[in-house]
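Fold and geometry: a report
So you can see what is in the structure, the chains are spelled out below.
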Amino acid sequence: MITTMQEELVRQELPIQSIYQREQACTATVPIHLDIMGLPEITRANPSLVANARDVVKPWYNEDMAYYINVLRKDGMELPWLEAYEKFRDDWQLDGELCNGFLSLSWRENGEVHNMRYNPIPVVLCNQHDEYGEFYTHDSLTKGGRLIEIIYRNVTDPEIVAMDPEKMRKYGSESGIARIREDEGVAEVVGNVFSSDYHMNMAKALLLRNFAVFYMNRLLTIAKGN
């Protein structure tokens, strides 16, 4: 039986990146499908695309935070920094406004504004084999309910994604600095992404990641003509 690859983003494919040089502050990276880059600006930056984002992002966030907190508590960790972020709050606002040809996504909480924006500089997206000789997937990142979807890396390292090489080709191109070498267990492509601010609290990067995944999938539906 022939199976069709899911080109839409799955949020667990995009682990939160914790950067050593930023005192392990967290950031989210969400790649942009190549078909989306071909859409006109008037389509990509339509505010109506995120008008109902809350209806989807809220249950995603609550589900992800419940998993995250459960894993940490299994390890006996106290979580005072997460007390205000265990669930999506009714006073949180999600918005988008034109910036660099896309919507700049914003989350407002307690008078603060946190952003997730299009990064005009292409980046290297990377995946590699795990201990079983398979490329990391969103299932392997959370296998057994023991792992947290967070990757620690240097600021100069590629952005980590948990996609198989076939899907990575939909979100980037091979080049002289990035190639898919399945025989070596490494897959790299150069692509465009949305990037969040740096946050010391993983929950903030998690919410922004989920918001951008919603937005990218809405655009991909349009790009595919669905």
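Small disclaimer: the values here were computed from a predicted structure and weren't measured.

Comments concerning the side chain of glutamine 12
Take glutamine 12: it is sitting in the segment before strand E1 (16-19). Accessibility expressed as a relative area gives 16% for glutamine 12, which makes it buried. Discounting residues that sit within four places of it in the chain, glutamine 12 has contacts with Asp64, His138, Leu141, Glu149 and Arg209.

A look at the packing of aromatic side chains
Counted according to the given criterion, the structure contains 11 aromatic pairs. Geometrically, the ring pair formed by tyrosine 61 and phenylalanine 88 is edge-to-face, given 6.3 Å between the ring centres and 80 degrees between the ring planes. Of this pair, tyrosine 61 sits in helix H3 (residues 53-74) while phenylalanine 88 sits in the loop between H3 and strand E4 (93-99); the two residues are 27 residues apart in sequence, bridging distant segments of the chain. Considered together, tyrosine 61 and phenylalanine 88 belong to a single accessibility category, that of buried residues. Between the aromatic rings of phenylalanine 194 and tyrosine 215, the centroid separation amounts to 5.7 Å while the plane-to-plane angle is 70 degrees, which identifies the pairing as edge-to-face. With phenylalanine 194 in strand E10 (residues 186-196) and tyrosine 215 in helix H6 (residues 202-223), this pair connects stretches of sequence that are 21 residues apart. Residue phenylalanine 194 is classed as buried on the basis of its relative accessible area, which comes to 0%. Taken together, the aromatic side chains of Tyr61, Tyr85, Phe88, Trp92 and Trp107 make up a single cluster linked through ring pairs. Here the guanidinium or amino end of arginine 44 rests over the ring plane of phenylalanine 102, the centre of that ring lying 4.2 Å away.

Observations concerning the nonpolar core
In terms of nonpolar packing, the biggest core is built from 57 residues, with Val30, Leu105, Phe194, Tyr215 and Met216 touching the most fellow members. Mapped by element, the contributors of at least two residues to this core are H3, strand E5 (102-109), strand E6 (112-128), E10 and H6. Considering each element in turn, this core owes the most residues, 14 residues, to H6. For leucine 105, the contacting residues outside a window of four places in its chain are Val50, Asp95, His114, Asn115, Met116, Phe194, Phe211, Ala212 and Tyr215.

Calculation notes
Residues numbered from 1 in each chain as written. Predicted model: local features only at pLDDT ≥ 70, side-chain atom pairs only at ≥ 80, totals over all residues. Heavy atoms only, no water. Helix = DSSP H or I, 4+ residues; strand = E, 2+ residues; numbered from the N terminus. Buried < 20%, exposed > 50% of the residue type's maximum accessible area, 1.4 Å probe, protein only. Contact = heavy atoms within 4.5 Å. Phe/Tyr/Trp six-rings, centres within 6.5 Å; stacked < 30°, edge-to-face > 60°. Lys NZ or Arg CZ within 6 Å of the ring centre and 35° of its normal. Core = buried A, V, L, I, M, F, W, Y, C linked by side-chain atoms within 4.5 Å.

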